[in-house]
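# Close look at the chain arrangement
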Amino acid sequence: MTEKPITSNPPANGLSMAVLNAIQNPVILVDADGLVAFANWEAESFFGASASHLARHNISAFIPFGSPLLTLIEQVRDRKAPVNEYRVDLSSPRLGADKLVDLYVAPVLSEPGSVVVVFQERSMADKIDRQLTHRGAARSVTGLASMLAHEIKNPLSGIRGAAQLLETSVNDEDRALTRLICDETDRIVSLVDRMEVFSDERPVDRVPLNIHSVLDHVKAIAKAGFARHIKFSENYDPSLPPVYANRDQLVQVFLNLIKNAAEAIGERGDGEIILTTAYRPGIRLSVAGTREKISLPLEFCVHDNGPGVPSDLLPLLFDPFITTKTNGSGLGLALVAKIIGGHGGIVECDSQQNRTTFRVLMPASKGQAADEDDMPMTKGNLA
């Protein structure tokens, strides 16, 4: 971005509006009184409010108290020169956790006291870096699973067989101990079997899928079983193109995510799970070892109003054996990350008190939307 003050008038005509709305960064115009005189579509999404609602309030109403952004705005007004500030934390209950942004603030010389603020979110780049780490962790578990399958299951079979033989020749008191040996052996084998899923690197059949049919199928399973007491809501973008994926694996992914949400909610009477889909252009992921960049415009989210994920656990959530459940193995979310990574996508989590969102970003079906320039510019709203 050039280091020159903005000298044009505030956006008034349709072309100016279209250009600003096409920018994939939140952009706002703050007037001399501190009111948000203009906000593009990305800014509406960023602040969770419409442009008309933003225009009725001072910018200080939408950002954390004492935020450096307010100081930067005053500095730009006084100096009449643009300022860049990097890695500014705007995290708050309103904007959500992990709102780390780079800021570009510039004066509008034709409108004394007015400034333009451009937000560049850092969280997506940081989360993609973490996602690549999660994939590395999943590969480590792959090697561990293969080793466990060969080196542990065979001796366990011998131990179980010996216990069964002893069971026929011991008294009732000792028979309880041989039963315990068999039960614990079965439990370890079951855990190893679950981990063997990570070592399965065979290519899967993928076809263009309607994600809404997948989500409706998973919701029906959940409502018939573990989430029968929870309210479900949907906010789908009906114009979404197909996703190129394996249906069974996507069912497994969203069944895991919805089950996690249901278990986090527990037995509370006002529990709610919200499923949303949206088209988010502008997110591209570089492929290691090539110049190729994969576009990830399809966003599928599972929101819940549970107590949230502890902040110290959030960066490690998709690592194997990380869990908050008493009887959990910590492999469910690691498997989700592996499956989505194998489809060329990423999965992330945002969490705060009474609001947790698992967000899956995936490419569109090849041939349907190979290039996001050919995609319809639809907007989806998060519930």
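Residues numbered from 1 in each chain as written. Predicted model: local features only at pLDDT ≥ 70, side-chain atom pairs only at ≥ 80, totals over all residues. Heavy atoms only, no water.

## Topic: the sheet that holds strand β13 (residues 346–352)
Taken in spatial order, the 5 strands of this open sheet run β7-β9-β12-β14-β13, and their pairing is mixed. Each having just a single partner strand, β7 (231–235) and β13 make up the two edges of the open sheet. Averaged over neighbouring strand pairs, the angle between their axes works out to 15° when direction is ignored. Examined bridge by bridge, β7 and strand β9 (residues 272–279) share 5 bridges and lie parallel to one another. (Pairing = 2+ DSSP bridges. Helix = DSSP H or I, 4+ residues; strand = E, 2+ residues; numbered from the N terminus. Axes fitted to C-alpha atoms, helices over the stretch in contact; angles between N-to-C directions.)

## Overview of the pattern of salt bridges
Should their charged atoms come close, side chains of opposite charge can pair. Tallying each qualifying case throughout the model produces 10 salt bridges. Put simply, E348 and R359 hold a salt bridge, and the shortest N to O gap is 3.0 Å. Pair noted here: E348 is in strand β13 and R359 is in strand β14 (residues 355–362), with a separation of 11 residues, a long-range link. Each of the two residues, E348 as well as R359, counts as buried. One salt-bridge network, in which partners are shared between bridges, spans E299, E348, D350 and R359. (Salt bridge = Lys/Arg side-chain N within 4 Å of Asp/Glu carboxyl O. Buried < 20%, exposed > 50% of the residue type's maximum accessible area, 1.4 Å probe, protein only.)

## Here we look at the pairing of strand β1 (residues 27–30)
Of the two faces of β1, the one holding V27 and L29 and the one holding I28 and V30 are both buried throughout. In this sheet, strand β5 (residues 115–121) lies alongside β1 in antiparallel orientation, the contact comprising 4 bridges. The residue bridging I28 from the neighbouring strand is V117, located in β5. Here β1 runs beside strand β2 (residues 36–39); their pairing, made up of 3 bridges, is antiparallel. Directly across from L29, in β2, lies its bridge partner F38. Once β1 ends, the chain turns through 5 residues before running back antiparallel as β2, passing G34 with a positive phi of about 85°.

## Side note on the nonpolar core
In terms of nonpolar packing, the biggest core is built from 43 residues, with I211, V243, L250, F254, L257, I273 and F300 touching the most fellow members. Secondary-structure elements contributing two or more residues to this core are α8 (211–223), β8 (243–245), α9 (247–265), β9, β12 (298–304), α10 (332–342), β13 and β14. For this core, the element with the most residues is α9, which contributes 9 residues. If sequence neighbours within four positions are ignored, L250 has contacts with L209, I211, V214, V243, A245, I340 and M362. One finds L69, I73, V76 and L95 within the second-largest nonpolar core, a separate group that totals 26 residues. (Core = buried A, V, L, I, M, F, W, Y, C linked by side-chain atoms within 4.5 Å. Contact = heavy atoms within 4.5 Å.)

## Considerations on α9
Taking 1.5 Å per residue, 19 residues should reach 27 Å; α9 reaches 27 Å between its end C-alpha atoms and fits that length. Considered for burial, the residues of α9 that qualify are L250, V251, V253, F254, L257, I258, N260, A261, A262 and I265. You can read the cap of α9 off the contacts: a side-chain oxygen lies 3.2 Å from the backbone nitrogen of D248, and it is on N246. (Expected span 1.5 Å × (residues − 1). Polar contact = N/O pair within 3.5 Å; in protein donor to acceptor, adjacent residues only side chain to side chain.)

## Looking at the environment of L166
Inspection of the secondary structure assignment puts L166 in helix α6 (residues 153–167). Among the residues examined, L166 registers a relative accessible area of 46% and is labelled partly exposed. Sequence separation between L166 and T178 is 12 residues; the distance between their C-alpha atoms is 7.0 Å.

## Examining the packing of aromatic side chains
Evaluation of the coordinates by the stated rule reveals 5 aromatic pairs. Summarising the aromatic geometry, the rings of F47 and F62 are spaced 6.1 Å apart at their centres and angled 70° between planes, so their arrangement reads as edge-to-face. On the criterion of sequence distance, the pair formed by F47 in helix α2 (residues 41–47) and F62 in the loop between α3 (51–55) and α4 (68–79) is long-range, its members being 15 residues apart. Ring centres of F47 and F119 lie 5.7 Å apart, and the angle between their planes is 85°; this geometry places the pair in the edge-to-face category. Of this pair, F47 sits in helix α2 while F119 sits in strand β5, and the two are 72 residues apart along the sequence. A relative accessible area of 2% places F47 in the buried class. What makes F119 buried here is its relative accessible area of 0%. (Phe/Tyr/Trp six-rings, centres within 6.5 Å; stacked < 30°, edge-to-face > 60°.)

## Examining the sheet that holds strand β3 (residues 83–89)
Across the sheet, which stays open at both edges, the 5 strands sit in the order β2-β1-β5-β4-β3 with antiparallel pairing between neighbours. Of all strands in the sheet, those bounded by a partner on one side alone are β2 and β3. The sheet shows a mean angle of 25° between the axes of neighbouring strands, taken without regard to direction. Strands in contact with α4 are β1, β3, β4 (100–107) and β5; relative to β4, the strand with the most contacts, it is inclined by about 20°.

## What to know about α4
Along an α-helix, residues three or four positions apart point the same way, because every turn accommodates 3.6 residues. Helix length check: α4, at 12 residues, gives a terminal C-alpha distance of 16 Å against a target of 16 Å (1.5 Å per residue), a fit within 8%. Of all the positions in α4, only L69, L72, I73, V76 and R77 are classed as buried. On an axial view of α4, the arc spanned by its buried residues comes to 135°, and they lie on one face. Pointing more than 90 degrees away from the buried face of α4 are the exposed residues T71, D78 and R79. Looking at the buried side of α4, the elements it contacts are β1, β3, β4 and β5. Looking one or two places after α4, you find K80, whose phi comes out positive at around 55°. (Arc of directions from axis to C-beta.)

## Description of the confidence of the model for the chain
On average, residues of the chain score 76 in pLDDT, and 72% of them reach the 70 mark or higher. Every residue in residues 368–383 is under pLDDT 50, and counting partners more than four places away or in other chains gives 36 contacts. (pLDDT = per-residue confidence, 0-100.)

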